[in-house]
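Observations on the three-dimensional arrangement
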Amino acid sequence: MPLVSPYVLKTALEGTGCFLVDGGMGSELLAQGVPPNGILPANRLYPEKVSEIHERYLQSGARILTANTFGYCDGDPIAEYVREGAFLAEQTAHFSHLPACVWLSLTTSFIRNEREAIPSLVRHRAVVIETCTSLAHAVEAAEIVRAAEPAFLAVSFHFKSDSVIPDGSDVDDVLRDIATVEIDALGANCGDNPEKFIGVMARMRLATDLPLLVQPSAGIPKSSAVERWQYPVQPSRFAGVAKTFLALGVRFVGGCCGTTPAHIRAVYDFCFREANEAI
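To start, this report covers the structure provided alongside it.

Each value, and the rule that gives it
Residues numbered from 1 in each chain as written. Predicted model: local features only at pLDDT ≥ 70, side-chain atom pairs only at ≥ 80, totals over all residues. Heavy atoms only, no water. Helix = DSSP H or I, 4+ residues; strand = E, 2+ residues; numbered from the N terminus. Buried < 20%, exposed > 50% of the residue type's maximum accessible area, 1.4 Å probe, protein only. Lys, Arg positive; Asp, Glu negative; His and termini not counted. Salt bridge = Lys/Arg side-chain N within 4 Å of Asp/Glu carboxyl O. Contact = heavy atoms within 4.5 Å. Axes fitted to C-alpha atoms, helices over the stretch in contact; angles between N-to-C directions. Parallel < 35°, antiparallel > 145°, perpendicular 65-115°, else oblique. Left-handed = near helix turned anticlockwise from the far one by under 90°. Nonpolar A, V, L, I, M, F, W, Y, C, P; charged D, E, K, R; others polar. 1 Å grid on protein atoms, 1.4 Å probe; cavity = no way out; pocket = protein on both sides within 12 Å on 5 of 7 lines; lining within 4 Å. Points joined across faces, edges and corners; volume = space filled by probe spheres on them. Phe/Tyr/Trp six-rings, centres within 6.5 Å; stacked < 30°, edge-to-face > 60°.

1. Thoughts on the side chain of aspartate 22
Tracing the backbone shows aspartate 22 in the loop between β1 (19-20) and α2 (26-31). It is arginine 63 that comes nearest to the buried, bridge-free aspartate 22 among opposite-charge side chains, at 10 Å. Not counting the four nearest positions on each side in its chain, aspartate 22 is found in contact with Tyr57, Ala62, Ile64, Leu65, Thr66, Gln215, Gly254, Gly255 and Ile264.

Quick look at the structure:
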């Protein structure tokens, strides 16, 4: 099955279907022994690991693959790592027998600091600017990406347990300021426990007609050793919360840190198996 064009994804949003996104890439690579500072370089050093994780998410039911492109480190050729990550995800989707769209996960720091590279990376691709902790930086990054003519653009914020992002902006602030940029979806990701996102998504649904996305983490891990992090939210609990998100009208549901192919499979079985797939 060929790679699904992001323009097909955008067109599909005109319907009523929902989309299952994959889970954590970084936490999966960490579990395989890749060091914390080696997540983006894994696209070059361990491409088979990255591709294998993408394939496992596809087999678990995800129909949107998130390229291993999230990160920023001074002094490294980050743009090339991003380019390589995009290629690996697109290659995996192209050669799979399952249909999938790919979106690039980018940080506001990368976009703002390496804006010269953005046009060649994002034009005609789907992009999600995620884990945004500063509203002003998110708006600036979205403007930069939008000017580069992506096929699809989403912005996702990191809300803390008190429903504000780290710079102190609440949901109403986010909705007001992000409305100044043309985006295709708005949402939240990361966080501590998935249940904490229910109120945030309910507030967004009441205040905007934009398609919503949510990708919570599987809780906060309990260990001092990164390679032994154990996330507390089990797949069945995660799937139950995903069902609530979909009932609220969220269109894109997936996972962030600590969510595994088992979490995505649980969401697929509980929420998507009986539905017609949108893409």
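From this point, the narrative continues.
2. Considering the pattern of salt bridges
Pairing is possible between side chains that carry opposite charge, provided their charged atoms lie close to one another. In this structure the tally under the stated criterion is 17 salt bridges. Note that aspartate 269 and arginine 273 form a salt bridge whose closest N and O atoms lie 2.5 Å from each other. Look at aspartate 269 and you get partly exposed, because its relative accessible area is 38%. Look at arginine 273 and you get partly exposed, because its relative accessible area is 43%. One salt-bridge network, held together by shared partners, links Lys10, Arg146 and Asp184.

3. Regarding the side chain of arginine 125
Positionally, arginine 125 belongs in the loop between α7 (118-122) and β4 (126-132). Ignoring anything within four residues of it in the chain, the contact list for arginine 125 reads Pro6, Ala86, Glu90, Leu104, Ser120, Pro150, Ala151 and Phe152.

4. A look at the environment of leucine 248
Topologically, leucine 248 is positioned in the loop between α11 (235-247) and β8 (252-253). Linking leucine 248 and isoleucine 198, residues 50 residues apart in sequence, is a C-alpha distance of 8.5 Å. Not counting chain neighbours up to four residues away, the residues in contact with leucine 248 comprise Ile198, Met201, Ala202 and Arg205.

5. Things to note about the packing of α11 against helix α12 (residues 261-272)
Between α11 and α12, whose axes approach to 8 Å, the crossing angle comes to 45°. Regarding the angle of α11 to α12, the classification is oblique. Handedness of the crossing formed by α11 with α12: right-handed. Between α11 and α12, the residues in contact are Pro235, Phe238, Ala239, Gly240, Ala242, Lys243 and Leu246 and Ala262, His263, Ala266, Val267, Phe270, Cys271 and Phe272, respectively. A breakdown of the residues in the contact of α11 with α12 according to their chemical character gives 11 nonpolar, two polar and one charged.

6. A few points about empty space enclosed by the protein
Tallying each qualifying case throughout the model produces two cavities of 30 Å³ or more. In this structure, the second largest cavity spans a volume of roughly 30 Å³.

7. Some points on unusual backbone geometry
Positive phi, normally seen in glycine, also occurs at threonine 131, with a value near 55°. One non-glycine residue, serine 163, adopts positive backbone phi at about 65°. Take serine 163: it is sitting in the loop between β5 (152-157) and α9 (171-178). Assessed through its relative accessible area of 26%, serine 163 is described here as partly exposed.

8. Some details on the packing of aromatic side chains
Each aromatic ring pair is characterised by the separation of its centres together with the angle its planes make. Applying the stated rule across the entire model yields five aromatic pairs. A centroid spacing of 4.8 Å and a plane angle of 20° characterise the contact between phenylalanine 19 and phenylalanine 252, whose relative ring orientation is stacked. With phenylalanine 19 in strand β1 and phenylalanine 252 in strand β8, the pair connects residues that are 233 residues apart, well separated along the chain. Looking at phenylalanine 252, the relative accessible area reads 0%, which means it is buried. Ring-pair connections join several aromatic residues into one group, and the members of that group are Phe19, Trp103, Phe152 and Phe252.

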